[in-house]
Structures are given as C-alpha cells and as structure tokens.
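Breakdown of the fold
Listed below are the residues making up each chain.
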Amino acid sequence: MDFTFVSDHLALDFAATLTWRTSYPIELLAEPADLAAWVTQAGLTDRPGRVGRAALDRARLLREAVYRTALAAERGEGAAAADVRLIREYAAGPQVVVALKALGEAERRGGIDQALATVAARAGELFGGDDRHLVRHCAGASCTRLFLDRSRAGNRRWCDKLSCGSRANASAYRRRKSAPHPSEAAPPSPRDV
C-alpha cells in the first residue's frame, strides 16, 4: 500500500491513516504489515523489524489521541487530558536514531516502538508550540484529514489540491455547466410584461 503524505506534518499524516472518518471510514492500518509500511514510507526507520498485533493496537491508540488533539487545536479548544498524557507517555520512550553513513546518506535505526515514540514526540512539539494554530480541517466534502496551513495568506482549504481540491473544482464546474445560462432563458411571455 502506498500512503499519502500531504498534511505538512508527520503526526497529522499519521492521524490520516483512518480516512473518511465521518462518512465511510477506511482503516489504512488494517494489519501489522501496514504499520510497518507506513513507518518506512514516512521515512521514520529503514527497517522497523517484526510488527505484531499489539504494536498495531498501540499505534491506533496513539493515532486517535493525536487526531482528537489536532481537532481540539483546530477548533481552538483544550485537549483532553487523557490524550495529552498518552502522547506524552509514548514520546518518553526511546526514539529513532539517525546515523550518518556517508555524505548525503543516513540510516534510520529503530523498531516500531521507537517509530511511535518519534511520532508522539513530533505531535508533542506541534501541539505544544505555536504551529498548533496552523492546524486546519480539509474543506473537501467528506474528507476528515487535518493539515498545517503554511500558506502565506493562511487560506489553504484542501489537504491536497490534486485530490480534494480537484474534486471540489470539478464539482463546482459541473454545477456551473448544468445551470441554465441567462441567455438561454425563455423570453418573458406577454402576460409577464
């Protein structure tokens, strides 16, 4: 499976591994191998090692705490104490170590627990800093992805312009094309004049 990384933050991309939460939820971390693929594609670790069902369950707990905390940040509300505590506990563990192999080449060492600790630490940095004010919810009709709006004007609407943005533009175009053009309207009848 290929994952999408468009949220401009690792923790928010991790939260997006459960998609379309309010309409047709799709679990992208269905199996332990999916979690191993995500941490590798996210560039967290080169070899996550064996990933078991317990690690997958822990990852989902962290993901949901990150998602709820991001929603609270986006809404300008306080985060649930239990979610903050869980993120902090995960972040306290040993994280992925990046080792320089040669100029332009690094190795990321760590298993799945170190990868989850790194995600939690980055979530802690996000929610504990000023960037929490940049968290936005995608304006796509059913999209539930959260992202950081780093646009100069602060008006980014979609998680990804090529997916949600393109769908919204195509939908608006179809609505405009299906609406009758003013020049095509029937002339007023003599009774209307």
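Placed above this text is the structure.
Residues numbered from 1 in each chain as written. Predicted model: local features only at pLDDT ≥ 70, side-chain atom pairs only at ≥ 80, totals over all residues. Heavy atoms only, no water.

So, the overall build of the protein chain
Summing up its helical and strand segments, the protein chain has six helices and six strands in all. Starting at the N terminus and walking to the C terminus, you meet the elements of the protein chain as α-β-β-α-α-α-β-β-α-β-β-α. Buried residues in the protein chain amount to 39% of all 193 residues. Of the contacts formed within the protein chain by residues at least 6 apart in sequence, a portion of 56% connects residues at least 24 apart. (Helix = DSSP H or I, 4+ residues; strand = E, 2+ residues; numbered from the N terminus. Buried < 20%, exposed > 50% of the residue type's maximum accessible area, 1.4 Å probe, protein only. Contact = heavy atoms within 4.5 Å.)

A closer look at helix H3 (residues 53–75)
Each full turn of the α-helix corresponds to 3.6 residues, which orients residues three or four apart in the same direction. Taking 1.5 Å as the rise per residue, H3 with 23 residues should run 33 Å; its terminal C-alpha atoms sit 33 Å apart, in good agreement. Among the residues trailing H3, Gly76 stands out with phi positive, at a value near 75 degrees. (Expected span 1.5 Å × (residues − 1).)

Considering helix H4 (residues 81–91)
Buried residues of H4: Asp83, Leu86, Ile87 and Tyr90, and no others. Along the axis of H4, the buried residues cluster in a sector spanning 95 degrees; they form a single face. Residues of H4 that are exposed and angled more than 90 degrees away from the buried face: Ala81, Arg88 and Glu89. Close packing links the buried residues of H4 with H3 and helix H5 (112–128). (Arc of directions from axis to C-beta.)

Focus on the pairing of strand E4 (residues 105–109)
Looking at chain direction, strand E3 (residues 97–102) and E4 are connected through five bridges and run antiparallel. Opposite Val98, over in E4, you have Arg108 as the bridge partner. Here E3 hands over to E4 after two residues, with Gly104 in that stretch at a positive phi of 85 degrees. (Pairing = 2+ DSSP bridges.)

Focus on unusual backbone geometry
The phi angle at Asp8 is positive, at roughly 70 degrees, despite the residue not being glycine. Look at Asp8 and you get partly exposed, because its relative accessible area is 41%. Despite not being glycine, Trp20 has its phi angle at roughly 50 degrees, a positive value. Positionally, Trp20 belongs in the loop between strand E1 (18–19) and strand E2 (26–27). The class for Trp20 is partly exposed, based on a relative accessible area of 27%.

Describing the layout of surface pockets
Each pocket or cavity is described by its volume, and for the largest pocket that value is around 310 Å³. In terms of lining, the largest pocket is formed by 24 residues, of which the most central are Thr4, Ala16, Thr19, Leu28 and Arg145. Secondary-structure elements contributing two or more residues to the lining of the largest pocket are helix H1 (10–15), E1 and helix H6 (161–178). Top contributing element to the lining of the largest pocket by residue count: H6, with three residues. Split into classes, the residues belonging to the lining of the largest pocket amount to 13 nonpolar, five polar and six charged. Empty space within the second largest pocket amounts to approximately 230 Å³. Elements supplying a minimum of two residues to the lining of the second largest pocket: H3, H4 and H5. Broken down by element, the residue count for the lining of the second largest pocket peaks at four residues, all from H5. Its residues assigned to classes, the lining of the second largest pocket shows seven nonpolar, six polar and three charged. (1 Å grid on protein atoms, 1.4 Å probe; cavity = no way out; pocket = protein on both sides within 12 Å on 5 of 7 lines; lining within 4 Å. Points joined across faces, edges and corners; volume = space filled by probe spheres on them. Nonpolar A, V, L, I, M, F, W, Y, C, P; charged D, E, K, R; others polar.)

Description of the packing of H3 against H5
Interhelical geometry of H3 versus H5 gives an angle of 10 degrees and a closest axis separation of 11 Å. The orientation of H3 with respect to H5, classified from their angle, is roughly parallel. Together, Ala55, Arg58, Ala59, Leu62, Val66, Thr69, Ala70 and Ala73 of H3 and Ile112, Asp113, Leu116, Val119, Ala120, Ala123 and Phe127 of H5 make up the contact between the two elements. Along the lines of polarity and charge, the residues of the contact of H3 with H5 split into 12 nonpolar, one polar and two charged. (Axes fitted to C-alpha atoms, helices over the stretch in contact; angles between N-to-C directions. Parallel < 35°, antiparallel > 145°, perpendicular 65-115°, else oblique.)

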